[in-house]
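Single-letter residue listing:
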Amino acid sequence: MDVDLRLLRYFAAVAQAGSLTRAAELLYVSQPALTKQVKQLEALLGVQLFTRSRTGMALTEPGRALAARVPALLADWEEALRETRSTASRAARVLRVGFLASAANEATQEIVAAFGRLRPDWRVDMRQASWSNPSAGLADGEVDVALLRLPFPGQEALRVAVLLTEPRCVALPSTHPLAEREVIALDDLRDEPFVAAPEETGWWRDHWLAVEERGGAPARIGAVTDQPDAWLTAIANGYGVALAPESSARFYARPGVTYRPVTGVAPSQVGVAWPPADDDNPVVQDFVRCCLDHTPGPG
């Protein structure tokens with residue numbers, strides 16, 4: 001019998017969380033999708049793994065037997081996959097660097113150039129990820145190191161060094177009445193529809209919706225996008241406003257979109273992240289050092 005490892009991963013998350021809702025948040029998937037995957041695994045195995053109630057998901061006896069084995073199985077497979085990809089990368093002398101949007105802003109080119117001087121026989125392969133993959137492929141071993149906006153889902157399982165801090169601003173349609181202001185307060189945006197990242201991005205979505213600063217008031221969602229171009233189009237077309245790093249005004253200038261400073265929100269941070277297993281990897285650590293040496297610091 002062949003069982004998709006993804007089903008086992010979903011099973012392990014529900015078993016650990018004891019709740020479909022909490023497990024869905026940890027996995028950054030919708031609850032209906034997670035329920036479907038659990039039922040699919042039960043159908044494949046021909047056993048009931050959970051008993052469901054209003055208080056959560058309790059493991060059955062067969063479920064407990066499977067739960068005892070699955071974490072080690074998944075850990076071994078993920079380590080094997082990471083090592084295989086890393087070995088191929090080292091053999092080709094290619095450092096795979098994931099990033100989202102503008103990466104480390106204007107410092108990115110200098111970081112790559114500095115690494116090239118330090119490791120002239122290596123090549124940096126920059127791989128842009130969508131916002132629905134907020135670790136830019138680092139969490140599943142698709143890249144060796146990543147330049148990311150903080151916070152991001154799964155951050156606690158990785159090594160992260162903060163490279164720079166910059167204010168957040170607001171992007172809004174140029175025809176919006178608030179676009180005439182020099183500075184906009186978050187309080188003036190609370191009733192505005194927002195262009196948001198997908199729900200599965202978890203903390204990332206919440207950060208750019210300023211959930212912490214809203215005092216429990218929910219954000220209105222006007223559109224959902226997972227790429228900068230679609231994000232800009234939604235704003236320009238009037239579907240909503242959006243918080244963004246201050247540097248977006250330079251990297252993503254576009255007719256129909258106006259950027260303004262916003263008060264009442266914490267700044268944004270950019271960090272370099274890598275797996276704990278690469279603490280002793282000299283190539284990864286050289287890249288991290290180049291990042292730290294060629295950015296202004298957390299500030």
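Look up a bit, the structure's there.
Basis of the calculations
- Residues numbered from 1 in each chain as written.
- Predicted model: local features only at pLDDT ≥ 70, side-chain atom pairs only at ≥ 80, totals over all residues.
- Heavy atoms only, no water.
- Buried < 20%, exposed > 50% of the residue type's maximum accessible area, 1.4 Å probe, protein only.
- Helix = DSSP H or I, 4+ residues; strand = E, 2+ residues; numbered from the N terminus.
- Arc of directions from axis to C-beta.
- Contact = heavy atoms within 4.5 Å.
- Pairing = 2+ DSSP bridges.
- Axes fitted to C-alpha atoms, helices over the stretch in contact; angles between N-to-C directions.
- Salt bridge = Lys/Arg side-chain N within 4 Å of Asp/Glu carboxyl O.
- Parallel < 35°, antiparallel > 145°, perpendicular 65-115°, else oblique.

1. Regarding helix α7 (residues 228-236)
Okay, so step 1: The set of residues buried in α7 consists of Pro228, Trp231, Leu232, Ala234 and Ile235. With its buried residues spanning 160° around the axis, α7 presents them on a single face.
Okay, so step 2: The inward-facing, buried residues of α7 abut β4 (123-129), β7 (168-173), β9 (193-196), β10 (220-224), β11 (242-245) and β12 (257-263).
Okay, so step 3: Gly238 occupies a position one or two residues after α7 and carries a positive phi of about 85°.

2. Quick look at the sheet that holds strand β3 (residues 94-100)
Okay, so step 1: Ordered in space as β4-β3-β5-β13-β6, the five strands form an open sheet in which the pairing is mixed. Lying at the two open borders of the sheet, with one neighbouring strand each, are β4 and β6 (159-166). Between one strand and the next, the sheet's axes are offset by a mean angle of 25°, whatever the strand orientation.
Okay, so step 2: Packed onto the sheet, helix α5 (residues 107-118) meets β3, β4 and β5 (145-150) and runs at close to 150° relative to β4.
Okay, so step 3: On the sheet, helix α9 (residues 282-293) packs against β3, β5, β6 and β13 (268-274) and is oriented at approximately 160° with respect to β13.

3. Focus: the pattern of salt bridges
It is possible for side chains bearing opposite charge to pair when their charged atoms get close.
Okay, so step 1: All chains considered together, the criterion is met by 14 salt bridges.
Okay, so step 2: Between Asp286 and Arg119 there is a salt bridge, with the nearest N and O atoms lying 2.7 Å from each other. Of this pair, Asp286 sits in helix α9 while Arg119 sits in the loop between α5 and β4, placing them 167 residues apart in sequence.
Okay, so step 3: When the shortest N-O distance is used, the salt bridge between Asp279 and Arg159 registers 2.8 Å. Taken as a pair, Asp279 in the loop between β13 and α9 and Arg159 in strand β6 lie far apart in primary sequence, 120 residues in all.
Okay, so step 4: Residue classification places Asp279 among the partly exposed residues on the basis of a relative accessible area of 28%.
Okay, so step 5: Relative accessible area serves as the criterion here: at 37%, Arg159 is assigned to the partly exposed category.
Okay, so step 6: Where salt bridges share partners, they join Arg119, Asp286 and Arg289 into one cluster.

4. Topic: unusual backbone geometry
Okay, so step 1: Cis peptide bonds are those with omega within 30 degrees of zero, and the linkage from Leu150 to Pro151 qualifies with 0°.
Okay, so step 2: By the secondary structure assignment, Pro151 is in the loop between β5 and β6.
Okay, so step 3: Positive phi is not limited to glycine here, since Ala136 has a value of about 55°.
Okay, so step 4: Secondary-structure assignment places Ala136 in the loop between β4 and β5.

5. So, the packing of helix α2 (residues 20-27) against helix α3 (residues 31-45)
Okay, so step 1: One way to put it is that α2 packs onto α3 with a least axis distance of 9 Å and a crossing angle of 105°. Relative to α3, the element α2 lies roughly perpendicular. Where α2 approaches α3, its residues Leu20, Thr21, Ala23, Ala24 and Leu27 are matched on the opposing element by Gln31, Leu34 and Thr35.

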